[in-house]
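So you can see what is in the structure, the chains are spelled out below.
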Amino acid sequence: MSQWPHVTGLGKIFIKLAPLLAAYGPYVENSTHAHKTLTRLLQTEQKFAAFVSERAGGSDFKLTELLFYPLNRISQYSMSFETILKHTPRKHPDHSRLSRAHGMMTKLYNFIQESVTVSKNRAKILECKRKLGAYFEGQLLAPGRVLVKEGSINVTSKGKKAQRYIFLFNDMAILTKSIQKGEMCRPKDILVFTENTKVTVGKEPHQFMIACEDTYLLESENKQVADAWRLDFSKQIEAVLSRSRNVFGVQLVEILKKDSRQQDGIPYVVRLLVKEIEKDLTVKGIYRVPGNDDVVVGLKKVLDTFEEVKNPFVKASTFDIAAALKLFLRELPEPLLTFDLYEEFTALEGSEEEKSRLKEIIAKLPKENLNLLKFIIKHLINVGNQSSTNMMTPTNLALIFGPGLLYPRVETIQYTLTLPRIFWIVQTMIEDYDAIFGEDKNQKPKYKKKPTGNKKKKIKAKATVLYQYAAQSENELNLVVGASVTVLQNDPSGWCEVRIGSESGWVPAGYLQIQSS
């Protein structure tokens, strides 16, 4: 590997072929259902089981395990690119494309891991659909719907008591005629959970009641069974109710209707978080360094209300607060750049000529979305203007915020392959705010692509590069970790003019360790 790379163009070839990986999407989606179906057939169909065993030839080969081999290969791809990238010099012409390829593979691997979980739930719901058969005409598979539990319990409704087999989901329950082995379930009642759905304790310890459009009395001879069902129903109904009182995970329009403290279309919680973060934008790695999970969850719980909140940031670091802002944006039911405009946005390939088209698409956003988007981008400009100390350039900020600002209704593998275009969109909004949003220069911050200090201090000292930096304009230079540079002068804005070889240009001062003379 010390002589790597022997050839160039590997990154370019991979990026060109990457769209073919979209075939993994339906494969992952159906993997768990396929595994369960195959397992059931091996157990119930003797001829099929004998055929599979014969083809295995007495080896330890298992057809069920073979289904997951293609999924394991993705992690191998990701590790291979990580190794190649590690041994590729940063100045090598293929380094940029290899970085993009590695980024896509990492995102693809994470997507597949999440999709396997979704696939397991999908398999459970499809099994419910199989049991319900032609008796259920509704759409059982729905975004966000999860099967919580299924089983039998006695139900009294409209004066009639009968044993019912219940499919309990996180948003509804289907009460069916008690299931017999090999018999389909016939739905008798469907309970859709709303803000008005109530669960109360019954007259007897082994009973409880559910009030929807009608009232249902559920009971079991076993008190523990009845208690378990009551708790499971209560959790799902309480979750539905809490969503009506929350700020996180709620449509932006609904937030603004209920938020009496919002200003100029900006939710109070967003303005509060940004105000706290901007108290110190010099924190190194802000938005890149993750917050403490427990603290972020606690912070969300405190802020997730329209009520007055006092001193919410007492135990939170800047990283925790930044994570809470990212979480708010990611949990919006629809991204700020909207589902409807996703195709138009991702059709942009990132050329200079397409900036006018980007401006046209952004102008189509709903007023509420546009107001909040501009507020967020202005904040990111402020963050980027401190990149000499916080290391967060527009490129880095785009990598972090892009996936939370634009994604499709259903996240597929194809989506992960469009991420470079989304990164370009966000970076362009930060760097060319005036051109994209067309605001008065006096009413907005502007990303500083050049040092702006008036009093430059001329020095001449050696320095070592601490962090990699990619030039953002023609008067800047790229930095490679560990390289030695000559510092020519310091600028009060936090930039240094340096000489690397025969070239001179500007770099963030915080990326260097200047040696004392």
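Within each chain, residues carry numbers counting from 1 in the order of the written sequence. Since the coordinates come from a predicted model, pLDDT governs what is reported: local features require at least 70, and pairs of side-chain atoms require 80 or more to be given and counted, while whole-chain, interface and lining totals use all residues. By convention in this description, side-chain values take in all heavy atoms of the structure and omit both hydrogens and water.

Next up on the list: the overall build of the protein chain. Numbered from the N terminus, helices here are DSSP runs of H or I no shorter than four residues, and strands are runs of E no shorter than two. Tallying secondary structure elements over the protein chain gives 19 helices and 12 strands in all. Think of it in three bands: residues with accessible area under 20% of the maximum for their type are buried, residues over 50% are exposed, and the middle band is partly exposed, with areas taken using a 1.4 Å probe on protein chains only. The burial tally for the protein chain puts 44% of its 517 residues in the buried class. Long-range contacts, defined as pairs at least 24 residues apart, comprise 64% of the intrachain contacts of the protein chain with a sequence gap of at least 6. Contact between two residues is taken to exist if any of their heavy atoms lie within 4.5 Å; hydrogens are not considered.

DSSP-based pairing: two strands are paired if at least 2 bridges between them are found. Here strand β9 (residues 484–491) pairs with strand β10 (residues 495–500) via 5 bridges, running antiparallel. Looking at the pairing, Val487 lines up with Val498 of β10. Bridge count between β10 and strand β11 (residues 503–508): 6 bridges; the pairing is antiparallel. Directly across from Cys496, in β11, lies its bridge partner Val507. The hairpin formed by β10 and β11 contains 2 residues between the paired strands, and Gly501 there has a positive phi angle of roughly 65°.

Here we take up the pairing of strand β5 (residues 198–201). As defined by bridge partners, β5 adjoins strand β6 (residues 207–211) across 4 bridges and the pair is classed as antiparallel. When the sheet's bridge partners are listed, Lys198 is paired in β6 with Ala211. Hairpin geometry of β5 and β6 is characterised by an intervening segment of 5 residues between the two adjacent antiparallel strands.

Any two cysteine sulfur atoms within 2.5 Å of one another count as a disulfide. One pass over the structure, following the stated rule, counts 0 disulfides. Sulfur of Cys128: no disulfide; nearest cysteine sulfur belongs to Cys185 and is 8.6 Å away.

Quick look at the pattern of salt bridges now. For this document, the term salt bridge refers to a Lys or Arg side-chain nitrogen within 4 Å of an Asp or Glu carboxyl oxygen. What the rule picks out here adds up to 16 salt bridges. Residue Lys223 pairs with Asp227 through a salt bridge whose shortest N-O separation is 2.7 Å. On the criterion of helical spacing, the pair formed by Lys223 and Asp227 is a turn pair, its members being 4 residues apart in helix α7 (residues 223–243). Residue classification places Asp227 among the buried positions, given a relative accessible area of 17%. Here Asp432 and Lys355 are joined by a salt bridge, their closest N and O atoms 2.8 Å apart. Placement of Asp432 in the loop between α18 (419–431) and α19 (433–437) and of Lys355 in helix α13 (residues 355–362) is noted, with a sequence separation of 77 residues between them. Classification of Lys355 as buried rests on a relative accessible area of 18%.

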